Every structure is written in C-alpha cells, then in structure tokens.
Protein chains: 2
Amino acid sequence: MNPEAREQRVLEAVEQRRVLVNDAIDELLPTSEPERLYEASRSLLVAGGKRLRPALLLIAAEALADVPPLAADYRSFPTLDGEAAEGVDVMAAATSVEVIHSFTLIHDDIMDEDTMRRGVPAVHEAYDLETAILAGDTLYSKAFEIILQTDAPAERSVRALDLLATTCTRICEGQAFDVAFESRGDVLPEEYLDMIERKTAVLYAAAAAIPGVLLGADDETVERLYQYGIAVGRAFQIQDDVLDLTVPSEDLGKRRGSDLIENKQTIITLHAREHGVDVDRLVPEDDPEAVSEAEIEAAVAELEAAGSIDYAREMARDLVAEGKAHLDVLPENEARGLLCALADYLIERGY
Amino acid sequence: MNPEAREQRVLEAVEQRRVLVNDAIDELLPTSEPERLYEASRSLLVAGGKRLRPALLLIAAEALADVPPLAADYRSFPTLDGEAAEGVDVMAAATSVEVIHSFTLIHDDIMDEDTMRRGVPAVHEAYDLETAILAGDTLYSKAFEIILQTDAPAERSVRALDLLATTCTRICEGQAFDVAFESRGDVLPEEYLDMIERKTAVLYAAAAAIPGVLLGADDETVERLYQYGIAVGRAFQIQDDVLDLTVPSEDLGKRRGSDLIENKQTIITLHAREHGVDVDRLVPEDDPEAVSEAEIEAAVAELEAAGSIDYAREMARDLVAEGKAHLDVLPENEARGLLCALADYLIERGY
C-alpha cells in the first residue's frame, strides 16, 4: 500500500474511534462539582486531540480478539478465554489512557511554560496555576477510577492498574530527565533514548499491552504488545523532533525550531554534536524571541549537512520495523494490519 | 482515663508505629533515578510528621483482627477469614496513605504559596516549581503502586485501590472548594463541612476503612470504620482551625491567626459572621505582613465573645463522640480503645 493510501486508512480508523472515545470521556468524566475544577480538567480533552493512544488500545483489542474492526462492542468486549461473561469494557481502559495523557499535558505545559496547546491557551493560562495543578491531579485519580470500571476479572484489573501506575511513574521520571538534560551538554544518545522511552513511549506501550492484560492474553503476547508500543512510541517522539525542524510554524501549530531555541536535547542534536557541529551555537540563545526564520533555516541546513536529520529518520524507521515485528505474535487479521499501518503512519505523518 | 494519660498513651502508640512506617517508606519508596526527583519526592517524608494516618490504619487492622497491639507482623497480617494464607501486608497500605498525604502537602504548598512545612522549606522553595509538581506526581503514582503490594486477594486490592483513587479525587475537589471559598463572603456552614470532609476527612476515612477491605471485614464494618474516619477527620480539621487562633506562633510552627490573615473560611468565622461579627474587618487585609500580634489578639477576643471558638470546640467534641460510637462494630479490645483515645487526642492536642 502506498503511503498516501495507508495514511488515509489510518486516519479513517483513528477518526472512527475518536468519536466513540469522546462519548466515553463525556460519560466517564462528566462535569461535576466544583464546576470550575472539572471544566479545567476537561478543557484540553474537549479542545481536541486525535486520540491516537486510545485508538491504538481499541485496535489492539480487536487484533487480539481476532474480530473485524468495529464489529464488537467496545463496552462489552469478548475476552480471549470466555472469562467475564458480560465482556470487558475496553473503552473504559482506552479513556483512562487518554485521561492520563491529558493530565501529563496540563502539568508539562506548566513546567515548560508553554502558553498554547491544541490551539487553545494552556490550562494554567486559561485558568491559573492553582487550578491547572489541581486539574491535572484530578485527572490522575479519575484515570485510576475509570480503569477500574472495565468489569474485567479482579486479577486482571489489578495488573492493568499496576501497569498504568508504573507507566505514570516512568512518565514523571522521563519529564524530570528531559528538564535536567536542558542544562547538560554531555547527554549520551542512550540517555536520550531512555528519556523518551519514559516520557513518551511507555504510554503507547501501556495502551498496546493493557487490552492484552484485560482480555486474558498470555504473558508473551502482552510483553510483545508492550514492546511494540515502546518501539513505535520512541519512533513517534523522534519523528516529533524531526518535524520540529522541518515543518513550517503554521503547519506545526508552534514555532518551528522551538527545540533548538529552548535548548532541548534531541537525537538530532546529539548526533550533530558527536559529528563536530557546535550545537550550542546553532541559534543565538540570549533572546529566544529574536531568533529569525533565516537563523533557524541555517541551523537546519547545518544539521542536514551533518547527516543528523537523516540519522534520526533512519532510527525512527528502524524502530517502526522493530515494533511491527513484535506483532507476529497476533493472529493475522485486519486489525493487526491497522496496527502495522499505524506504526508506519507515526513516522510518515507531516505534522 | 485523664486527658494527660490518654495523650501519653496515644503518642506512645503513634511513635511505636512511626518508626516502623519510616522503615517501610525507605523500603517501598527508595531513592532511585533521576536522583533529584526522588530526593524531592522523599524530602517531606524524611523531614518528619507524626504518621497519624498510617498509625490509624495499623491500629484499625489490629482492632479488626482482635490481636494485641504490635503482636502481629504488619507485613504478613492475619486476615479475618483466613484468605491470603501468607497474610496481608497492611504496612504497604499504611505507607501508601502516608505517601498520598505527602503528595497533597507538596502540591498544596505550591497552591497556597506556603514557604515552610515541617520546619523545612516547602519543596517548591527547596527545589523549584517544576520539581515540586513532578515530585507530587511521582508520589501519586507510587502510592498506587505501593498499595498493590499488599498480597491481598485481587478483589480486595481492587476495592482498596478504588477507595484510594476516589479519596484522591475528593481531596482535589476539597482543595478547589477551599481556594474558591477565600473569595466568597457567603459560604454556608454546610458547605464548609462538606469542604473539610473532602479536603481532610476522607483520607482519615480511607485509612480506617482500607484495613477492613484488605482483611475481609463485612461491608457494615468497613462502612462504620469509614464513618469513624470522616467524623474524627472533620474534628481534626476543626481543631486545627481552633489552634490556629489560640496557640502562640512559636508552638504552632506557623504564624498565629494565619487563617484570618489569609481570609480562609473556617467554622469559627462562619459562626461569627452569622452572629453579627464583621469578619472581613477583623484584621486589616491590605498588608498581611503588617498585621500585629495585638490585632490578632483583639480579633480572637471578638471571636471568643461571639461564642464562635466555643462553638467550634463543641462541634469537634460532638464529632469525636459520633466517631467513637461507630467503633461499637469492632470487637472490644485494646486496639479499639486506642482508636477511641486517638479520636480524643485529635481534639485535645495543643498543637
């Protein structure tokens, strides 16, 4: 399948599930008292988002159960072994993962002092710091409440919840490393890859593995799904790093080259540094606002010349291939094909 | 028993458990990578604290299991029905509750712009805002990881976890109400009592009820333990409000009258307002730093004269009596006596 047709297929599959996920968010995370807190908690969720992670979870459930896409009811989904006669509400699990994602965005925006998100002001801008901290905290516990509503057998609920809690701890660790790396000039590529695994990839991994846990897949299958998520999640982050340099600001929804300006370490700058580029001097650091488009253009040209952007693209491609290879543990079916296509899409997307 | 002997007995019981809880914190929440994040996460826990909530949980377990205080191993505690042959690690549950408490302190100090806590700088002062947010977030997920390590049957783990998650949501709601009340002049006593139930009492209630869930007590017993916690937790908060006005700053560890200065609503100011006191004028609000000890003294005298402080004291006493009455569901034993004494202590303590 050519990339355009594949992208079309993936976007359609994600969109079909996005509508259902949005309904579930409204049902499982309704506005409640105190109203301002719940409004703030829901504001980013309501503002948009592709719902990639919940879509991944739902498609992984379909691949595991070997059912055609959208054929089974996500709210009472058949288990692999007939446990839980009423079926499992995999949509609750998908919602929980999206709620965790939204919590991390709210707190990350405070920490990174970002003012915009999904085309609307960040929560700490639209409300205030106190409300943004509390809104994130509320989503955090709500996500744990929601993932306990799947009607899965208790042992599986416990395992899914443990996976979600460990994932959240890893995300916090990843964010802490990310912040710390900004003031370090000696970050190693392995350290960067470990950081993005924690910060970004583990939530993809949890999304892929949790339906395995809830539906009663064997340990090997759960582990391979997890590794699929780690690989494609890392690829997703590396592609984000590439896009930050190569996509015009108006398409990106934020300033092109913002990672360079904010002195964020990426696999691109790490490669460049190792190959003799004076990364710290690529853009002037004294006045971030004053960096011109031409300066960004010149910096990107230097990174291109050092082969650093191609290096990142190749690494993302390798990771996607590695991720897809893990899917051989699944039955051959349409949903598995979608998981493959989704992995490809993550590094082929333009923004 | 006279109040002095009772206080002595309670403090000794809490202290004996505090040492064990501290060991468990070191074991279940070790310093890990990234070091700065875990140091910040552990800093308040290491700085001190009486460990009232975990002590309450451990004593409730002993009362339920009808064993003499400190006679059974908290790490492999006997269940009521012989489920979980190896016993249940109630210490993990106790640690989890203290970790949640510590998370709320870190985030609350940011929101309330408090600079000191437990005699040391608040985490956002000792580190920075980013680290304090992340440290709280890390403790949050760690608490959920830790409460899954009790080796209780899965159904009970799920219930305990659900109770903990709901508790955290309520705490966030309570904090949001507390902040909102600061700019409202028409808060009703019922609203205040609902706010402190969420903000403070639910964590006491969870501490009391969780051992019931984990050890297999019947629903009625779990519910009564929960209601005991709600009543004594409310009483604890009301006593805090009284102490804020009546204890010298040097004993209080923070400025006497800080609630008045910060325009915090308490049951005392609500009562005074209803009885004709112009609460907003009790202390000058334009420059909190400039409020003198004499001005606080005069404000307290006015509240005393309106009967507002006695009203609060009586309400706390009634709540303690109500809380203790719920304990009749437990077998008569020494640990149950300790739970009664603990309830009395919460409103007899001087600071």
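Preceding this paragraph is the structure being described.
Predicted model only: the values in this text are computed from it and were never measured. (Residues numbered from 1 in each chain as written. Chains lettered and ligands numbered in written order. Predicted model: local features only at pLDDT ≥ 70, side-chain atom pairs only at ≥ 80, totals over all residues. Heavy atoms only, no water.)

K.L.:
Help me get a handle on the overall build of chain A, residues and values and all.
P.N.:
Helix and strand counts for chain A stand at 15 helices and two strands. Taking 2.2 N^0.38 as the reference for a compact globule, 351 residues should give roughly 20 Å; the C-alpha atoms of chain A span a radius of gyration of 20 Å, in line with that estimate. The principal-axis extent of the C-alpha atoms belonging to chain A is close to 60 × 50 × 35 Å. Looking at chain A as a whole, 58% of its 351 residues qualify as buried. A separation threshold of at least 6 residues defines the contact pool for chain A, and within that pool the share at least 24 residues apart is 73%. Taken as a whole, chain A presents about 13,300 Å² of accessible surface, with 46% of it coming from carbon and sulfur. A distance of 2 Å separates the average location of the 32 positive side-chain charges in chain A from that of its 71 negative side-chain charges. (Helix = DSSP H or I, 4+ residues; strand = E, 2+ residues; numbered from the N terminus. Rg over C-alpha atoms; globule rule 2.2 N^0.38 Å. Buried < 20%, exposed > 50% of the residue type's maximum accessible area, 1.4 Å probe, protein only. Contact = heavy atoms within 4.5 Å. Areas by Shrake-Rupley, 256 points an atom, 1.4 Å probe, with all protein chains shown as cover. Lys, Arg positive; Asp, Glu negative; His and termini not counted. Charge placed at Lys NZ, Arg CZ, Asp CG, Glu CD.)

K.L.:
How would you summarise the packing of aromatic side chains if you had to cite specific residues and measurements?
P.N.:
Following the criterion strictly, the structure yields twelve aromatic pairs over all chains and no others. Relative to B:Phe144, the ring of A:Phe144 lies with its centre 4.2 Å away and its plane at 15°, an arrangement referred to as stacked. Linking A:Phe144 in helix α6 (residues 129–147) with B:Phe144 in helix α6 (residues 129–147), this pair reaches from one chain into another. What makes A:Phe144 buried here is its relative accessible area of 0%. Ring plane angle 45° and centroid distance 5.2 Å describe the contact between A:Tyr204 and A:Phe236, whose orientation is recorded as tilted. Note that A:Tyr204 is positioned in helix α8 (residues 189–215) and A:Phe236 in helix α9 (residues 219–246), a separation of 32 residues in sequence. Sitting over the face of the ring of B:Phe236, B:Arg53 holds its NZ or CZ atom 5.8 Å from the ring centroid. (Phe/Tyr/Trp six-rings, centres within 6.5 Å; stacked < 30°, edge-to-face > 60°. Lys NZ or Arg CZ within 6 Å of the ring centre and 35° of its normal.)

K.L.:
Can you explain the pattern of salt bridges? Please cite residues and give values.
P.N.:
According to the stated counting rule, one finds 67 salt bridges over all chains in the structure shown. We note a salt bridge from A:Asp81 to A:Arg156, for which the minimum N-O separation is 2.5 Å. With A:Asp81 in the loop between α3 (52–65) and α4 (90–111) and A:Arg156 in helix α7 (residues 154–181), the pair connects residues that are 75 residues apart, well separated along the chain. With a relative accessible area of 14%, A:Arg156 lands in the buried category. Residues A:Arg256 and A:Glu293 are paired through a salt bridge, measuring 3.5 Å at the closest nitrogen-oxygen approach. Note that A:Arg256 is positioned in the loop between α10 (249–252) and α11 (258–261) and A:Glu293 in helix α13 (residues 293–305), a separation of 37 residues in sequence. Take A:Arg256: its relative accessible area is 9%, and that puts it in the buried class. Via salt bridges that share partners, B:Asp108, B:Asp112, B:Asp178, B:Glu182, B:Lys199 and B:Lys264 belong to a single interconnected network. (Salt bridge = Lys/Arg side-chain N within 4 Å of Asp/Glu carboxyl O.)

K.L.:
Describe the relation of the copies chain B and chain A, listing the residues and the values that go with them.
P.N.:
Least-squares fitting of chain B to chain A yields an RMSD of 0.0 Å, with the superposition described by an axial translation of 0.0 Å and a rotation of 180°. Interpreted geometrically, this transformation is the action of a two-fold axis. If distances are taken from each C-alpha of chain B to the rotation axis, the shortest is found for B:Ala154, at 2.7 Å. Looking at the interface residues of chain B, 100% of them are also at the interface in chain A, so both copies use one shared face. (Least-squares fit on C-alpha atoms with pLDDT ≥ 70 in both.)

K.L.:
If you had to explain a negative patch on the surface to someone new, which residues and values would you point to?
P.N.:
Where like charges cluster on the molecular surface, the negative patch consists of A:Glu83, A:Glu155, B:Glu83 and B:Glu155. For A:Glu155, the position within the fold is in helix α7. (Patch = residues over 30% accessible without salt bridge, like charges linked within 9 Å, V, L, I, M, F, W, Y side chains within 5 Å.)

K.L.:
An account of the side chain of A:Asp89 is needed here, citing residue identities and associated values.
P.N.:
Residues and elements named next belong to chain A. Of note, Asp89 is situated in the loop between α3 and α4. Residue classification places Asp89 among the buried residues on the basis of a relative accessible area of 7%. Polar side-chain contacts of Asp89 include one of 3.0 Å to the side chain of Arg75. Beyond its immediate chain neighbours, meaning those up to four positions away, Asp89 contacts Tyr74, Arg75, Gln149 and Thr150. (Polar contact = N/O pair within 3.5 Å; in protein donor to acceptor, adjacent residues only side chain to side chain.)

K.L.:
Which residues make up the interface of chain B and chain A, and what values go with them?
P.N.:
At the interface, 37 residues of chain B touch 37 residues of chain A. Both faces considered, chain B and chain A share a buried interface measuring about 3,200 Å² in area, 74% of it formed by carbon and sulfur atoms. Run the count over chain B and chain A and you get twelve residue pairs in polar contact (both at pLDDT 80 or more). At the level of elements, α2 (35–47), α4 (90–111), α6 and α7 (154–181) of chain B are the ones that each hand at least two residues to the side of chain B that touches chain A. A per-element tally of the side of chain B that touches chain A places α7(B) first, with 15 residues. (Buried area = accessible area lost by both parts, 1.4 Å probe.)

K.L.:
Account for α9(A), naming residues and giving values.
P.N.:
All names here are of chain A. Between its first and last C-alpha, α9 extends 40 Å over 28 residues, near the 40 Å set by a 1.5 Å rise per residue. Across the 28 residues of α9, 21 count as buried, placing the element largely inside the fold. A distance of 3.1 Å separates the backbone nitrogen of Glu220 from a side-chain oxygen at the start of α9, and that oxygen is part of Asp218. (Expected span 1.5 Å × (residues − 1).)

K.L.:
Lay out unusual backbone geometry in plain terms, naming residues and giving numbers.
P.N.:
Here the amide bond leading from A:Glu33 into A:Pro34 is cis, since omega sits at -5°, within 30 degrees of zero. Counting through the fold element by element, A:Pro34 comes out in the loop between α1 (3–28) and α2 (35–47). Positive phi, close to 55°, is recorded for B:Glu113, a residue that is not glycine. Structurally, B:Glu113 can be placed in the loop between α4 and β1 (116–117). Given a relative accessible area of 62%, B:Glu113 falls into the exposed group.

K.L.:
If you had to explain the nonpolar core to someone new, which residues and values would you point to?
P.N.:
Ranked by size, the top nonpolar core spans 257 residues in total, and within it A:Ile210, A:Ile238, B:Ile210 and B:Ile238 carry the most contacts. If sequence neighbours within four positions are ignored, B:Ile238 has contacts with B:Tyr192, B:Leu193, B:Ile196, B:Ile267, B:Ala312, B:Met315, B:Ala316 and B:Leu319. (Core = buried A, V, L, I, M, F, W, Y, C linked by side-chain atoms within 4.5 Å.)

K.L.:
Lay out helix α15 (residues 334–348) of chain A in plain terms, naming residues and giving numbers.
P.N.:
Residues and elements named next belong to chain A. Taking 1.5 Å per residue, 15 residues should reach 21 Å; α15 reaches 20 Å between its end C-alpha atoms and fits that length. The complete set of buried residues in α15 reads Ala335, Leu338, Leu339, Ala341, Leu342, Ala343, Asp344, Tyr345, Leu346 and Ile347. Looking at the buried residues of α15, the elements they touch are α1, α3, α9 and α14 (308–326). In this structure Asn333 caps α15, since a side-chain oxygen of it lies 3.3 Å from the backbone nitrogen of Ala335.

K.L.:
I'd like a description of the side chain of A:Ser96, backed by residues and values.
P.N.:
With respect to the element layout, A:Ser96 can be found in helix α4. In contact with A:Ser96, not counting residues within four places along its chain, are A:Ala143, A:Ile146, A:Ile147 and A:Leu164.

K.L.:
Which residues make up the packing of α4(A) against α6(B), and what values do they have?
P.N.:
Relative to each other, α4(A) and α6(B) sit at 160°, their axes nearing to 9 Å. Taken together, the axes of α4(A) and α6(B) are roughly antiparallel relative to one another. Here A:Phe103, A:His107, A:Ile110 and A:Met111 of α4(A) come into contact with α6(B), specifically with B:Leu129, B:Glu130, B:Ile133, B:Leu134 and B:Asp137. Of the residues contributing to the contact of α4(A) with α6(B), the split by class is six nonpolar, one polar and two charged. (Axes fitted to C-alpha atoms, helices over the stretch in contact; angles between N-to-C directions. Parallel < 35°, antiparallel > 145°, perpendicular 65-115°, else oblique. Nonpolar A, V, L, I, M, F, W, Y, C, P; charged D, E, K, R; others polar.)

K.L.:
Outline the environment of A:Ala84, listing residues and values.
P.N.:
Residue and element names in this part refer to chain A. Position of Ala84 among the secondary structure elements: in the loop between α3 and α4. Separated by 23 residues in the primary sequence, Ala84 and His107 have C-alpha atoms spaced 36 Å apart. Setting aside anything within four residues of it in sequence, one finds Ala84 in contact with Thr79, Asp151 and Pro153.

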